[in-house]
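Summary of the model geometry
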Amino acid sequence: MTTATTPPTAAPATRRRLPGSASMVPVVAPLVLLLLVAALGPLLAPYSPIDVVAAPDQPPSTQHWFGTDIYGLDVFSRVIAATRNDLVVGLVAALLATVIGVGVGLFTGTNESRGGVPGSVARGVTRGLDLFDALPQIVVGLVLLAFFGRNLLTLSVVCGLLMVPTQARVVRTEVLRVRREAYLESARLSGESERGLLLRHMLPNSTWPALENASYIFGVAVTVAAGLGFLGVGLPPPTPEWGAMIADGATAASAGRWWSSLFPCLALAVTVIAFSNLAHQYLRRR
Amino acid sequence: MPGDVGLRAANAVEVADLRVRYRTPDGWFTAVSDFSLTVSSGQRVAIVGESGSGKSSVCMALAGLLPLGAAVEATTARIIETDLTARPTRAIPYQVPGVSVVFQNAMNALDPVWTVGSQLGTAIRGRGATSRARARVLAGEWLERVGIRDPARVLRARPYELSGGMRQRVMIAIALCSQPELLIADEPTSALDVTLSVDLLELITSLTADLGTTLLMITHDIGLCRAYSDRVVVMHRGRVVEQGDTEQVLAAPSADYTAALLACAPSLGQLNDHRLTTMVGVS
Amino acid sequence: MIARLWRSQRWWIQRVALLPVHLFLFAIAVFFLVRLIPGDPVLIIAGSDDLTADQYERIEVLLGLSGSLWHQLMVFLGRVVTLDLGRSLIDGQDVQEQIAWRLPATIEIALIAMVIAIAVTLLLCIFAMLHPHNPVARFAAFYARSAGAIPDFVLGVAGILVFYTVLGWAAAPTGRYDAGLRPAPRTTGFPFLDALLSSDTVLLSSMLAHLWLPVLVLVVGSAPTIMKVLQRSIEHAVDDEATLFRIASGVPRHVVIVSVLRRASPTMVTMCGQLFGFLLGGAVIIEQLFAIPGMGQYAVQAVGRADFLALQAFLLTVAACVLVVFLIVDLVNMTLDPRRRPGVMVEGNA
């Protein structure tokens, strides 16, 4: 609402203007690096990530850049190998959440105000998603993994499912907003069917926010997976995964041996920040 | 009370070279410049202009209600007893003592979750001189004074339970119950239909006359000024285009802009159906 | 007279009545979820592969897995209503007994953290509202924006490293109190509350020493969730015409501030529902990290044992807690802002 004191805003920037190449480098570079590490994993690791190669609890040295953990595994190799696992979880989860979320969001957004069966179903789905979203993700993830198996596939799928309500909500909001505009337009235009307008304008307009949100979803999914790994209910040991590594190193950290926890922490932080930065840059350009 | 008028300062408002600027991402934006105005106690002044003329910024500046991102500068800016230029800006503004404001839309101005009785009561008690019980009685009296026939029910009601006209009257009651020296009305009737507007303006002008309150009215409708103001100030793009006694200005406008406003604006004052004249940009 | 009472009280009665409906719906969802697990549910829940036909049948009936799907659903819902969550076939313990003593412990930590988080949020936001350019206010804004950036477990490990290993201010992360101390007698079931009531100062001080760091980690990790929301709400409320009108009407300062806060709080209160869910999840992690016995520990152990009955009960219990919190949140909001009550007609544009 406008008050007497609101200053006039500058002309709104054009939507979805793609960012210039120069300013994208600091955002894209870490992502490319991460993807390279994930892809080339085994080739870059000096030691095997799952075999004991040295005495446990060695501080970082020239032989073991990140030191060794409580079992005698090389931390550097494990961090590198875990990149592949955690990134796969993030990517699959983001993809799954976006695809399903867009579908559900479109359905609820278009049907919520209708009467009859589709209307009630749509409203029920929205309410159900809100309640599902309220449950702690770690709790739901924990139970689902226990029920359906602890492997990379189920971990990715579960994390993806946990993120569906967020994407569905984003798309639904956008659909509701665009619908109001679409009706105005179709009232002005003549001979344009409402359905055609909705399909041609609404679909692309409503899904864009979900795509922008996908990189933020990636970060959240990786964090949840790391949390599950931390609890020891994620991928079975000795599969390298950042969360599990942080847990292994936790007791050592409380005794002052910081390296086996710190490096996976840093790797996790870099990944999450890099991907949410991507989302930030996109959002800022709108 | 009418007898008090003589005891008040001769001039309620003395402003010279007022400038209001807002900080925006692209730098400073000047909303008002070279605004000067002197209003003697008890006068009724109308500030007229179209949207974007800066009239609302003036109004908020004089009431001391501008947000942190605004800068107010002036050679002189005395409102009742307060020197505006000497006031520090706060995140949440302080009231300029003796000044009350009435807004365009009571639905936005009234607090949605408190009852009318609670809002009116706290306004009456002000800094704490009156007791709660006495304030409740006074609240009922004030509601009757603004023309509400069932004060007991309205006191218990919340703003969204009332009609638009009643809400506006409640807002006037709250603004005037502290018996301010100056009432600033920011487009008080722009959101109402014709009959309600006339009633409301009659109410405002008669109450302010009773209390000896100076009235500063912001409006985009130049026709209203004829009936409800002694002096008129015409603003355009942040500057004063013309000011003077209402009769003189409306009868013989010296600025082209004023003439154009008179010609094209349909208003309460004009009951003939002219065709609307288009306004070409006048600087 | 009854009709008028009903009309004025209808709003909260309606909302309270929704709770069992939601619980039921969730229970049905869990029922079907368990049916989705690949494999024979009897064998899975019993935890072993070789059973005689007799044993199989007996266990089937015990678990409520015999008969048609409809019959199974009725048995399941009946048991949920009577809080009969079964006896774990893995470790032979009554599930509801375990939950009964662990749940209050976990909820206690989550509630303490929630109260502190809300208090800290209110204080910082009110301060930032009055002094927006103060460095403290700027820090609060930055902190609020970082919501969710650092996961709970990282904060926990970092916290232990800094406050226990390096500074030695916190007790060792080895449980709720020092080994060797006896717990307080069970009066309420909430460990800290019981310790307070029993005025056992040794136990109490040991508990404080052990609990302040985990609670701090929970608060620091979750406060941004509500702080971000409240800050934005307050910004909007301050710029609102209603605030300006209040100021111009000459009321005392504190009336203006209370008016701003009451208009700004509903969004934060709604967020508190999410906050509690967040804290329950965080409590699971914190319990692992600090070796505090509670629901989190129970769930993690159940995963290790593949104890599906326990996990099913765990999920139902957590959902029930979250739904109850949502009910409270809704009721508080409807009290704060009467326009949110069902059946209220609001004319015109708000």
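Cut-offs used in this document
Residues numbered from 1 in each chain as written. Chains lettered and ligands numbered in written order. Predicted model: local features only at pLDDT ≥ 70, side-chain atom pairs only at ≥ 80, totals over all residues. Heavy atoms only, no water. 1 Å grid on protein atoms, 1.4 Å probe; cavity = no way out; pocket = protein on both sides within 12 Å on 5 of 7 lines; lining within 4 Å. Points joined across faces, edges and corners; volume = space filled by probe spheres on them. Helix = DSSP H or I, 4+ residues; strand = E, 2+ residues; numbered from the N terminus. Nonpolar A, V, L, I, M, F, W, Y, C, P; charged D, E, K, R; others polar. UniProt positions renumbered as here; feature names shortened; annotations may be inferred. Pairing = 2+ DSSP bridges. Domains from an automatic or database assignment. Buried area = accessible area lost by both parts, 1.4 Å probe. Salt bridge = Lys/Arg side-chain N within 4 Å of Asp/Glu carboxyl O. Polar contact = N/O pair within 3.5 Å; in protein donor to acceptor, adjacent residues only side chain to side chain.

This brings us to empty space enclosed by the protein. All names here are of chain C. All told, the structure shown has six cavities of 30 Å³ or more when counted by the stated rule. Its volume calculated, the largest cavity comes out at about 70 Å³. Of all the secondary-structure elements, those providing two or more residues to the lining of the largest cavity are helix 5 (95–130), helix 11 (253–290), helix 12 (295–305) and helix 13 (308–336). With three residues, helix 13 is the single largest residue contributor to the lining of the largest cavity. The residue makeup of the lining of the largest cavity, split by class, is eight nonpolar, two polar and no charged.

A few words on the UniProt feature "transmembrane region" (unreviewed entry) in chain A. UniProt feature "transmembrane region" (unreviewed entry): in the numbering of this structure it lies at residues 24–45, 87–107, 138–164, 216–235 and 258–279 of chain A. The straight-line gap between the two end C-alpha atoms of residues 216–235 of chain A is 23 Å; of that span, 80% is helix and 0% is strand.

Residue and element names in this part refer to chain B. In terms of strand pairing, strand 1 (residues 11–24) meets strand 2 (residues 27–40) through ten bridges, oriented antiparallel. Each residue of the ladder has a partner; that of Arg21, found in strand 2, is Thr30. Sheet topology note: the strand 1/strand 5 (residues 76–79) ladder contains four bridges and is antiparallel. Pairing of Ala16 across the sheet is with Thr76, part of strand 5.

Residues and elements named next belong to chain C. Mapped onto this structure's residue numbering, the UniProt feature "transmembrane region" (unreviewed entry) falls at residues 12–34, 109–130, 150–172, 202–223, 275–296 and 308–332. Taken as a whole, residues 202–223 contains 100% helix and 0% strand, while its terminal C-alpha atoms sit 31 Å from one another. The annotated region residues 275–296 carries 82% helix and 0% strand content, and the separation between its end C-alpha atoms amounts to 17 Å.

Below, the discussion takes up the domain arrangement of chain C. Residues and elements named next belong to chain C. Taken domain by domain, chain C consists of domain 1 (12–81) and domain 2 (95–340). Taken over C-alpha atoms, the centre of domain 1 sits 33 Å from the centre of domain 2. Across the domain 1 to domain 2 interface the summed buried area is about 1,400 Å²; carbon plus sulfur atoms make up 85%. Inspection of the domain 1/domain 2 interface yields one salt bridge. With its nearest N and O atoms 2.6 Å apart, the salt bridge here joins Arg15 to Asp330. Applying the counting criterion to the domain 1 and domain 2 interface returns one residue pair in polar contact (both at pLDDT 80 or more). Here the side of domain 1 that touches domain 2 gets eleven residues from one element, more than from any other, and that element is helix 1 (residues 2–36).

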